[in-house]
Every structure is written in C-alpha cells, then in structure tokens.
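# Structural features, examined
As a plain string of letters, each chain reads:
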Amino acid sequence: MTLPDKSRTALVADIGGTNARFAIADIDELTIKHFASFQCDLFPSLQAAVKAYMDCIPHRPSIAGFAIAGPVAEETVRMTNLPWSFSRKDLCSASGAKYVHLVNDFEALALSLPFLGPHDLHKIGGREPVDRAPKVVLGPGTGLGVAGLVPSPSGWIPIASEGGHISFAAEDADELSLIKRIAKNEKHVSAERLISGPGLVQIYKALAETQEEAAVLASAPEIVEQALHAENRLALEALGYLERWLGRFAGDMALVYGARGGVYLGGGIPARVFDPSEATAFRLAFFHREFQYKGRLSSFLEPIPIFVIKALDAGLRGAAVALSQAEFLSEGISSASGGRSASDLVRQPG
C-alpha cells in the first residue's frame, strides 16, 4: 500500500479518563498544530468528541493515531475509566480517516521519551540517565498508567502494561486501617484505586471519617488546590499519602524494568503537584536507604533520575511515533528530512 507524501500529516489523539486531546501532526517531524483539549464528560462517546474536533480544523487527514487509556488489543475497545466503547471502524467513520492506529496511552508516552527535551521535563531527583538503559513512565490521573521503554539491537521497544491494577500492600498498621476504610466494599484493592485522582478523593474522605471531621471537598482538583496552599489540613494529609504511595509504586516499577535510564512521571497530578525542591516525601518512599523501603536494593534506586513530564502534547507526539511505526506505513511514507523519520530515530537508543 503506497501512500502519497501528504499522508505524513495525521490526526493524533491522546484520550484519557478526564481529557481528550487532539492535534494534527507531521509524523516524520513530530510537529504539532491545531492542538485542542476537550473534557471527556461533555461528550457521550469518543466518536462525538472526534467529530467536534474535526469540525474545527480545515482538512481531514487520511490516517489517524489514537493513544487510549486502556487495553487496545480487542476489536471493540472499552475504556477503563469512561463508559465509552468503540471500534477502529467507528473512529474511521467519525474522523474521515482511511486508517486508524490505536496504542495504549502510556505506551505512547513511552515512545515520546526519546523526543522530549529539557524544556519538556523537570527533574526531581537522581543523577543522569544511563545510556541505553531501560526507562519507565508512569503516572496518576483518572487512573494509574505504566509502560516501559527498553533498548534492543534494532532500537527502542515500548512495553505496554496494566501495572496500575496490581494489588496494593499496606506497610504499617495506620496504612492498613486507612485502606480498610477505603476498600470496605471492594474485593480487590489495586494501586490505581489509591494512587489516582479518584483515589485521592477516597483517601481524603477516609481521613475525614477516621478523624470525625466533615469532608467538605468533593474533587481531586479541589483537594490538590487546598493542599498546595495549606488551606485544609485533611487535604494536605491526603496528598501526602498519595505522594508517598506514588513514590513507593514508582520505586517498584523502576525495579521491575531495571529503569536506570530514568523514571518519568506523566498523568495529570505530578505536573501540578511536584516542585523539584519539594518532592521529599516522594523521593523518600522511592528509595530511602535509611529506612530500607526497598530493602537491599535501595542503593540501586537512589541514583535513578526522576523527571516530571511537563509537555501537554507528549502523548500526542507518542501517538505520532506509534503511527509512523505502523506496519502499513513502513514503506509507504518517505521522510521529509533526508529519509530519517521519527520511526528511524526511535530505533536508535541513546
């Protein structure tokens, strides 16, 4: 299937549980234009959101890449934290594209890592990344996403996962008591149940119940805002739990992937919460040698660099990279940059 050069222009989308971001991308140069972000709860379906975006742009690309919060292997995709389901055919119809490529949202974030510059990141600890070493990207938003990026002789390989759904383990009696309150009607307590926006709300409510105080805040953004301005003691305590648990989870994922190439925090919460000089609770939970939170491998984790992804379009760039690597495009699209495309670059670990 040979496509004309104009097919390098694609619709790209990053669909999370709260926001649906869209843009038009050159999938070789990874340039983004016509960026837009919609609240998911304003639309009955992804197809409706796609149509709303397409009505705002001057042309309809023939190819599209979607980064989706959830598994994408089945013909019908059902999002984990939204009542949306759709097929590739549905998205072709909504967008006018002839071909739609789907990828997990954190797999797309992983693919974007080689293309993120210093202005896209801020560092909250550790030393420099080890060249050609695995990387891991994770983060809480509406859910808790995780993916790895590992080197091979043929280049970087993204490893999608549903690691946010692993079982969560309390480390002391206070945590166990709090988690029992949160999960009293649940058969399974996953990391995502606690380390996410909805999880933050549950932590806050459980603390209010434990301390016999009124839970006056109803949403994660409210809790974060009040905590960051020290306007609500319970909000500050709840955010402290989330930060420590995220640090512990990040340390676990760094061990799983051997991520000496860096831990990267995406999702809606880290970019809002973490200041490089104030991520103490996160760092302590990530590796703290004195308290041996990670046992004998605390010293392995200590030098691993940790970055917060600031770029709102990182997932869109990752969706563009995934699309550039799609099998049907591998021979049909020539690069505008001397034959070197984003797909070529992601194959060169460094």
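In this report, the structure presented in the accompanying data block is examined. Just so we're clear, the structure is a prediction, and the values are computed from it rather than from any experiment. (Residues numbered from 1 in each chain as written. Predicted model: local features only at pLDDT ≥ 70, side-chain atom pairs only at ≥ 80, totals over all residues. Heavy atoms only, no water.)

Taking strand neighbours across the sheet as the criterion, the six strands line up as β8-β13-β12-β9-β10-β11 in an open arrangement whose pairing is mixed. The open sheet is flanked by β8 (121-125) and β11 (155-160), the only strands paired with a single partner. When strand polarity is set aside, the average angle formed by the axes of neighbouring strands in this sheet is 25°. Here strand β12 (residues 263-265) pairs with strand β13 (residues 306-309) via three bridges, running parallel. Pairing of Val 263 across the sheet is with Ile 306, part of β13. In the packing of helix α3 (residues 105-112) onto the sheet, the strands contacted are β9 (135-140), β10 (144-152), β11 and β13, and the crossing angle to β10 comes to about 40°. Strands β9, β10, β11 and β12 of the sheet are contacted by helix α8 (residues 233-257), whose axis makes an angle of about 155° with β9. (Pairing = 2+ DSSP bridges. Helix = DSSP H or I, 4+ residues; strand = E, 2+ residues; numbered from the N terminus. Axes fitted to C-alpha atoms, helices over the stretch in contact; angles between N-to-C directions. Contact = heavy atoms within 4.5 Å.)

What follows concerns the packing of aromatic side chains. Evaluated as defined, the whole model comprises seven aromatic pairs. Here a set of aromatic residues connected by ring pairs shows up, and it is made of Phe 22, Phe 38, Phe 43 and Tyr 53. Positioned above the aromatic ring of Tyr 241 is the side chain of Arg 244, whose terminal nitrogen or guanidinium carbon lies 4.6 Å from the ring centre. (Phe/Tyr/Trp six-rings, centres within 6.5 Å; stacked < 30°, edge-to-face > 60°. Lys NZ or Arg CZ within 6 Å of the ring centre and 35° of its normal.)

Here we take up the nonpolar core. Within the largest apolar cluster, 52 residues are counted, with the highest numbers of intra-cluster contacts made by Leu 138, Val 263 and Phe 286. Per-element accounting of this core gives the leading share, 13 residues, to α8. Non-local contacts of Val 263, meaning those with residues more than four positions away in its chain, are made with Val 136, Leu 138, Ala 250, Ala 254, Phe 286, Ile 304, Pro 305, Ile 306 and Phe 307. Counting residues in hydrophobic clusters, the runner-up holds 32 residues, among them Phe 22, Ile 68, Val 77 and Met 79. (Core = buried A, V, L, I, M, F, W, Y, C linked by side-chain atoms within 4.5 Å. Buried < 20%, exposed > 50% of the residue type's maximum accessible area, 1.4 Å probe, protein only.)

Tracing the backbone through its elements, the reader meets Glu 243 in helix α8. It is Arg 244 that comes nearest to the buried, bridge-free Glu 243 among opposite-charge side chains, at 7.4 Å. At 3.4 Å, the side chain of Glu 243 and the backbone nitrogen of Phe 282 are in polar contact. (Lys, Arg positive; Asp, Glu negative; His and termini not counted. Salt bridge = Lys/Arg side-chain N within 4 Å of Asp/Glu carboxyl O. Polar contact = N/O pair within 3.5 Å; in protein donor to acceptor, adjacent residues only side chain to side chain.)

This paragraph deals with the pairing of β9. For a regular strand, the rule is simple: side chains alternate between the two faces of the sheet. Taking burial as the measure, the six residues of β9 include six buried ones, the bulk of the element. Taking every second residue as pointing to the same face, both faces of β9 are buried, with Lys 135, Val 137 and Gly 139 on one and Val 136, Leu 138 and Pro 140 on the other. The sheet contact formed by β9 and β10 spans six bridges and is antiparallel. Its bridge partner lying in β10, Leu 138 is registered against Val 146. If you look at the hairpin formed by β9 and β10, you'll find three residues sitting between the two strands.

Bringing the layout of surface pockets into the picture now. If a probe the size of a water molecule is rolled over the atoms, the empty space left behind becomes visible. Considering only enclosed or pocket space, the largest pocket measures out at about 1,000 Å³ in volume. Looking at the largest pocket, it is lined by 46 residues, and the ones nearest its centre are Pro 140, Gly 141, Thr 142, Gly 267 and Gly 268. Taken together, the residues that form the lining of the largest pocket break down as 18 nonpolar, 20 polar and eight charged. Estimated volume of the second largest pocket: approximately 290 Å³. Surrounding the second largest pocket, 16 residues form its lining, Glu 186, Ser 190, Glu 192, Arg 193 and Leu 194 being those nearest its centre. Broken down by secondary-structure element, the contributors of at least two residues to the lining of the second largest pocket are α5 (191-194) and α6 (197-210). Grouping the amino acids of the lining of the second largest pocket by side-chain chemistry returns five nonpolar, eight polar and three charged. (1 Å grid on protein atoms, 1.4 Å probe; cavity = no way out; pocket = protein on both sides within 12 Å on 5 of 7 lines; lining within 4 Å. Points joined across faces, edges and corners; volume = space filled by probe spheres on them. Nonpolar A, V, L, I, M, F, W, Y, C, P; charged D, E, K, R; others polar.)

Along the chain, Phe 43 turns up in the loop between β3 (31-39) and α1 (46-54). Sequence separation between Phe 43 and Trp 84 is 41 residues, and the spatial gap between their C-alpha atoms is 9.6 Å. Once you skip the residues sitting within four places of it in the chain, Phe 43 turns out to touch Phe 38, Ala 48, Ala 49, Ala 52 and Trp 84.

Our focus in this paragraph is unusual backbone geometry. Positive phi values are uncommon outside glycine, yet Leu 30 reaches one of about 60°. One non-glycine residue, Arg 132, lies in positive phi territory at about 55°. Inspection of the secondary structure puts Arg 132 in the loop between β8 and β9. Since its relative accessible area comes to 47%, Arg 132 is described here as partly exposed.

Moving on, we come to the sheet that holds strand β1 (residues 9-15). In space, the five strands of this open sheet follow the order β3-β2-β1-β4-β7, with mixed pairing throughout. A strand with exactly one partner marks an edge of an open sheet, and here the two such strands are β3 and β7 (99-104). In this sheet, neighbouring strand axes are inclined to one another by 15° on average, regardless of whether the strands run parallel or antiparallel. Here five bridges tie β1 to strand β4 (residues 63-68), and the two strands are oriented parallel to one another. For Val 12, the partnering residue across the bridge sits in β4 and is Gly 65. Each of β1, β4 and β7 is contacted by α3, which is oriented at about 90° to β7, the strand it contacts most.

When two helices pack together, their arrangement is given by the angle between the helix axes and the distance between those axes. Following both chains from N to C, one finds α1 and helix α2 (residues 88-95) inclined at 25°, their axes separated by 8 Å at the closest point. One way to sum up the angle between α1 and α2 is to call them roughly parallel. In this structure, α1 crosses over α2, and the sense of that crossing is right-handed. Contact with α1, carried on its side by Leu 46, Gln 47, Val 50, Lys 51 and Met 54, involves Asp 90, Leu 91, Ala 94 and Ser 95 of α2 and no other residues of that element. Residue composition of the contact of α1 with α2, by class: five nonpolar, two polar and two charged. (Parallel < 35°, antiparallel > 145°, perpendicular 65-115°, else oblique. Left-handed = near helix turned anticlockwise from the far one by under 90°.)

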